[in-house]
Amino acid sequence: MLKELSAQEFMCNPFTKIGKEWMLITAGTPENCNTMTASWGGLGVWWGKNTVTCYIRQSRYTKEFVDQEDTFTISFFDESYRNALSLCGAVSGRDHDKIKESGLTPTAVEKTTAFEEASMVFVCRKLYAEKLSPEHFIAKEMDERWYSDKDYHTMYIAEIEKILIKV
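## Digging into the overall build of the protein
Piece 1. Within the protein one finds 5 helices and 10 strands.
Piece 2. The buried share among the 167 residues of the protein stands at 43%.
Piece 3. At a minimum sequence separation of 6, the contacts of the protein that also span at least 24 residues come to 72%.
Piece 4. Counting every atom, the protein has about 9,000 Å² of accessible surface; 51% of that belongs to carbon and sulfur.
Piece 5. Across the protein, the 20 positively charged side chains and the 25 negatively charged ones have centroids separated by 2 Å.

## Describing the pattern of salt bridges
Piece 1. All told, the structure shown has 9 salt bridges when counted by the stated rule.
Piece 2. Between Lys49 and Glu159 there is a salt bridge, and its shortest N-O distance comes to 3.9 Å. Of this pair, Lys49 sits in strand E5 (residues 49-57) while Glu159 sits in strand E10 (residues 153-166), and the two are 110 residues apart along the sequence.
Piece 3. Between Asp67 and Lys63 there is a salt bridge, with its nearest N and O atoms 2.6 Å apart. Of the two residues, Asp67 and Lys63 are both situated in helix H2 (residues 61-68); the distance of 4 residues between them amounts to about one turn of the helix.
Piece 4. One network of salt bridges, with partners in common, ties together Lys49, Arg125, Glu159 and Glu161.

## Let's talk about the side chain of Lys63
Piece 1. Lys63 gets classed as buried once you look at its relative accessible area, which sits at 10%.
Piece 2. Not counting the four nearest positions on each side in its chain, Lys63 is found in contact with Ile56, Arg57, Gln58, Thr154 and Tyr156.

## Re the nonpolar core
Piece 1. Counting 23 residues, the largest nonpolar core has Ile25, Phe72, Ile74 and Phe122 as its most contacted members.
Piece 2. Apart from the residues lying within four places of it in its own chain, the contact partners of Phe72 are Ile25, Thr26, Ala27, Cys54, Val66, Thr112, Phe122, Val123, Cys124, Lys126 and Ala158.
Piece 3. With 15 residues, the next largest nonpolar core counts Cys33, Cys88, Ala118 and Val121 among its residues.

## Some remarks on the pairing of E10
Piece 1. Burial within E10 is extensive, with 10 of its 14 residues counted as buried.
Piece 2. Sheet analysis places strand E1 (residues 2-5) next to E10, joined by 4 bridges and oriented antiparallel. Bridging across to E10, Leu5 finds its partner in Ile163.

## Observations regarding the packing of aromatic side chains
Aromatic ring pairs: the centre-centre distance and the angle between the two ring planes describe each pair.
Piece 1. Under the criterion given, the structure shown has 10 aromatic pairs.
Piece 2. Plain terms: the ring middles of Trp40 and Trp146 are 5.0 Å apart, the flat faces sit at 85° to each other, and that makes the pair edge-to-face. Of the two residues, Trp40 sits in the loop between strand E3 (32-38) and strand E4 (41-46) while Trp146 sits in helix H5 (residues 140-146), which places them 106 residues apart along the sequence.
Piece 3. Trp40 sits in the partly exposed class, given a relative accessible area of 31%.

## Thoughts on H2
Piece 1. If you check which residues of H2 are buried, you get Thr62, Lys63, Phe65 and Val66. Buried residues of H2, viewed axially, fall in a sector of 160°; they line one side.

## Here's the deal with helix H3 (residues 82-90)
Piece 1. Those residues of H3 not exposed but buried are Arg82, Ala84, Leu85 and Cys88. Along the axis of H3, the buried residues cluster in a sector spanning 160°; they form a single face. What points out from H3, more than 90 degrees from its buried face, is the exposed set Asn83 and Ala90.

Conventions used here
Residues numbered from 1 in each chain as written. Predicted model: local features only at pLDDT ≥ 70, side-chain atom pairs only at ≥ 80, totals over all residues. Heavy atoms only, no water. Helix = DSSP H or I, 4+ residues; strand = E, 2+ residues; numbered from the N terminus. Buried < 20%, exposed > 50% of the residue type's maximum accessible area, 1.4 Å probe, protein only. Contact = heavy atoms within 4.5 Å. Areas by Shrake-Rupley, 256 points an atom, 1.4 Å probe, with all protein chains shown as cover. Lys, Arg positive; Asp, Glu negative; His and termini not counted. Charge placed at Lys NZ, Arg CZ, Asp CG, Glu CD. Salt bridge = Lys/Arg side-chain N within 4 Å of Asp/Glu carboxyl O. Core = buried A, V, L, I, M, F, W, Y, C linked by side-chain atoms within 4.5 Å. Pairing = 2+ DSSP bridges. Phe/Tyr/Trp six-rings, centres within 6.5 Å; stacked < 30°, edge-to-face > 60°. Arc of directions from axis to C-beta.

Below is the structure:
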């Protein structure tokens, strides 16, 4: 069961939560969704709203779902789901039923999808999206290191409409 938490009650280390524990970005309906593991992102305040920033490569199947919908979720899990998150980051939903293979259970949350096993879920509404481009890199070594294949991320800034935690 998930309980809503206000932004003022929310406490976490985003460097650990996103960068070390990872997260799933999910969009679509429980019957027709896709998800991907991510370890790049941020939390903050943009335009007076509590926001999450996440990044999805052009080649990712999940991007098609995020682009089609107004909302998506960011889901966090405890360490016992590490293998499931590894699988969701290693195989494409185009070629595998990775959600079924991962053992995760899609569930409707607001107008999108999250997972019953998640310990925390952000319900997000897209505000802004922009594809990263090579001419905007000031530190050129970042472009060379992360985009040798030219598969640039799209940056999404989304309002966190709800924070849900498992009780």
